[in-house]
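Summary of the model geometry
Okay, here's what each chain looks like letter by letter:
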Amino acid sequence: MEYSSQKDELLLELQECREDERNSRMEILGAFTAGETILGVLFGASFLEIDNMSIYIRCIFYICIIVFLAVISYVIVLGIDNILRHYYMKDIEKRLNNMNLF
């Protein structure tokens, strides 16, 4: 009975990992899309006519850098998570293979 429950637990964990992997791809795409949108809005705002243009443009430049770094950092974190999940899935598959169930 314990053997069957361990098998079911491993199969469920493997299925959840595969679903998480698919979802993380959509998160990466969403992060790039959100970053592009924010940078596009800031780029469009840089064409506004304001009295203190130099300060305004400098602020927009710094905000663009922060947005770019935030998006890249988030994508790197998701990539690291994907790498760790990949090796965890390989370990689960190896355990299932050793149990002659996969």
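Notes on the structure follow. (Residues numbered from 1 in each chain as written. Predicted model: local features only at pLDDT ≥ 70, side-chain atom pairs only at ≥ 80, totals over all residues. Heavy atoms only, no water.)

The next subject is the nonpolar core. Core analysis: the biggest nonpolar cluster contains 7 residues, these being Leu 10, Leu 14, Cys 17, Met 89, Ile 92, Leu 96 and Met 99. Those elements that place two or more of their residues in this core are α1 (2–45) and α2 (53–98). Excluding residues that lie within four positions of it along the chain, Met 89 makes contacts with Leu 14, Cys 17, Arg 18 and Glu 21. (Core = buried A, V, L, I, M, F, W, Y, C linked by side-chain atoms within 4.5 Å. Buried < 20%, exposed > 50% of the residue type's maximum accessible area, 1.4 Å probe, protein only. Helix = DSSP H or I, 4+ residues; strand = E, 2+ residues; numbered from the N terminus. Contact = heavy atoms within 4.5 Å.)

On the surface, Phe 61, Tyr 62, Ile 65, Phe 68 and Leu 69 cluster together into a nonpolar patch covering about 520 Å² of accessible area. Tracing the backbone shows Ile 65 in helix α2. Its relative accessible area of 34% is what places Ile 65 among the partly exposed residues. (Patch = residues over 30% accessible without salt bridge, like charges linked within 9 Å, V, L, I, M, F, W, Y side chains within 5 Å. Areas by Shrake-Rupley, 256 points an atom, 1.4 Å probe, with all protein chains shown as cover. Salt bridge = Lys/Arg side-chain N within 4 Å of Asp/Glu carboxyl O.)

On the secondary structure map, Ser 24 appears in helix α1. Using a relative accessible area of 3% as the deciding quantity, one classes Ser 24 as buried. Of note is the side chain of Ser 24, whose polar atom sits 2.7 Å from the side chain of Asn 82. Those residues in contact with Ser 24, other than ones at most four positions away along the chain, are Leu 78, Asn 82 and Arg 85. (Polar contact = N/O pair within 3.5 Å; in protein donor to acceptor, adjacent residues only side chain to side chain.)

What follows is about the side chain of Asn 82. Looking at where Asn 82 falls in the secondary structure, it is placed in helix α2. The class of Asn 82 is buried, set by a relative accessible area of 17%. There is a polar contact of 2.7 Å between the side chain of Asn 82 and the side chain of Arg 85. With residues up to four places along the chain from it excluded, the contact list for Asn 82 reads Ser 24 and Ile 28.

Structurally, Glu 27 is set in helix α1. Of the residues examined, Glu 27 reaches a relative accessible area of 37% and is grouped as partly exposed. For Glu 27 and Asp 91, which are 64 residues apart along the polypeptide, the C-alpha to C-alpha distance reads 24 Å. The residues touching Glu 27, leaving out its near neighbours within four places in the chain, are Tyr 74 and Leu 78.

With that out of the way, let us pick up the packing of aromatic side chains. For the structure shown, the criterion picks out 1 aromatic pair. Aromatic side chains Phe 61 and Tyr 62 sit 5.8 Å apart centroid to centroid with 55° between the ring planes, which places their arrangement in the tilted category. (Phe/Tyr/Trp six-rings, centres within 6.5 Å; stacked < 30°, edge-to-face > 60°.)

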